[in-house]
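As a plain string of letters, each chain reads:
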Amino acid sequence: MAAPTMENGERETWPALRRGFLRRCPRCGQGHLFDGYLKVADTCPSCGEDLTPQRADDGPAYLTILVVGHVLGVLMHLLWVWFRPEPLVLATILTVAAVAMALWLLPRFKGAIVAFQWARRMHGFGDATGE
């Protein structure tokens, strides 16, 4: 399956980001992007795209902390103003929410970052095939 491209030879970024966020191959959208929870597969099982050039590093963690922190800050304020729960109850609710949101968002942000790198041909994506 050929990689989706625009007229000037660049890969389309938004479809790739959407596929990466859904934890699918940024090229075909069919194969799984990860071998485990956060380990990026070496190649796509569907189209064979080489995914080893990816360099997501700490980016997904920073994005996850940014989003979870902002959402929980608003949630903490609203819960305290509207319901005035006991501090231990509030801490328990926010802790469970923070862990759940972080675990759900982290692989999705990593997939989106890998897809962004693929779409922009960063770190060697597309160099070996001559695309």
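What counts, and at which threshold
Residues numbered from 1 in each chain as written. Predicted model: local features only at pLDDT ≥ 70, side-chain atom pairs only at ≥ 80, totals over all residues. Heavy atoms only, no water. Helix = DSSP H or I, 4+ residues; strand = E, 2+ residues; numbered from the N terminus. Buried < 20%, exposed > 50% of the residue type's maximum accessible area, 1.4 Å probe, protein only. Contact = heavy atoms within 4.5 Å. Areas by Shrake-Rupley, 256 points an atom, 1.4 Å probe, with all protein chains shown as cover. Patch = residues over 30% accessible without salt bridge, like charges linked within 9 Å, V, L, I, M, F, W, Y side chains within 5 Å. Salt bridge = Lys/Arg side-chain N within 4 Å of Asp/Glu carboxyl O. Axes fitted to C-alpha atoms, helices over the stretch in contact; angles between N-to-C directions. Parallel < 35°, antiparallel > 145°, perpendicular 65-115°, else oblique. Left-handed = near helix turned anticlockwise from the far one by under 90°. Nonpolar A, V, L, I, M, F, W, Y, C, P; charged D, E, K, R; others polar. Expected span 1.5 Å × (residues − 1). Bend = angle between axes of the 7 residues up to and from the residue.

Caption draft 1: Highlighting the overall build of the protein. In terms of regular secondary structure, the protein is built from three helices and zero strands. Starting at the N terminus and walking to the C terminus, you meet the elements of the protein as α-α-α. Buried residues in the protein amount to 37% of all 131 residues. The long-range fraction of contacts in the protein, counting pairs at least 24 apart against all pairs at least 6 apart in sequence, stands at 56%. Total accessible area on the protein stands at roughly 8000 Å², and carbon and sulfur atoms take up 63% of it.

Caption draft 2: Summary view of a nonpolar patch on the surface. A cluster of nonpolar residues, Tyr37, Val99 and Leu103, forms a patch on the protein surface that exposes about 290 Å² of accessible area. Turning to its location among the elements, Leu103 is positioned in helix H3 (residues 87-119).

Caption draft 3: Focus on the packing of helix H1 (residues 13-21) against H3. In the contact formed by H1 and H3, the axes pass within 7 Å of each other and the chain directions differ by 150°. Judged by the inter-axis angle, H1 sits roughly antiparallel to H3. Note that H1 runs across H3; the crossing there is right-handed. Taking contact as the criterion, the partners of Thr13, Ala16, Leu17, Gly20 and Phe21 in H1 are, on H3, Trp104, Arg108, Phe109, Gly111, Ala112, Ala115, Phe116, Trp118 and Ala119. Split by residue class, the contact of H1 with H3 holds ten nonpolar, three polar and one charged.

Caption draft 4: Examining H3 more closely. Between the first and last C-alpha of H3 there are 46 Å, a value that for 33 residues agrees with the 48 Å anticipated at 1.5 Å per step. The largest bend in H3 is about 30°, located at Leu105, with the proline Pro107 one to four residues further on. Phi turns positive one or two residues past the end of H3, at Arg121, with a value near 55°.

Caption draft 5: Representation of the packing of helix H2 (residues 59-83) against H3 within the structure. The interhelical angle for the contact between H2 and H3, taken along N-to-C directions, is 150°, at an axis separation of 8 Å. With respect to each other, H2 and H3 are oriented roughly antiparallel. In the packing of H2 onto H3, the handedness of the crossing is right-handed. Of the residues belonging to the contact of H2 with H3, the class tally is 22 nonpolar, two polar and one charged.

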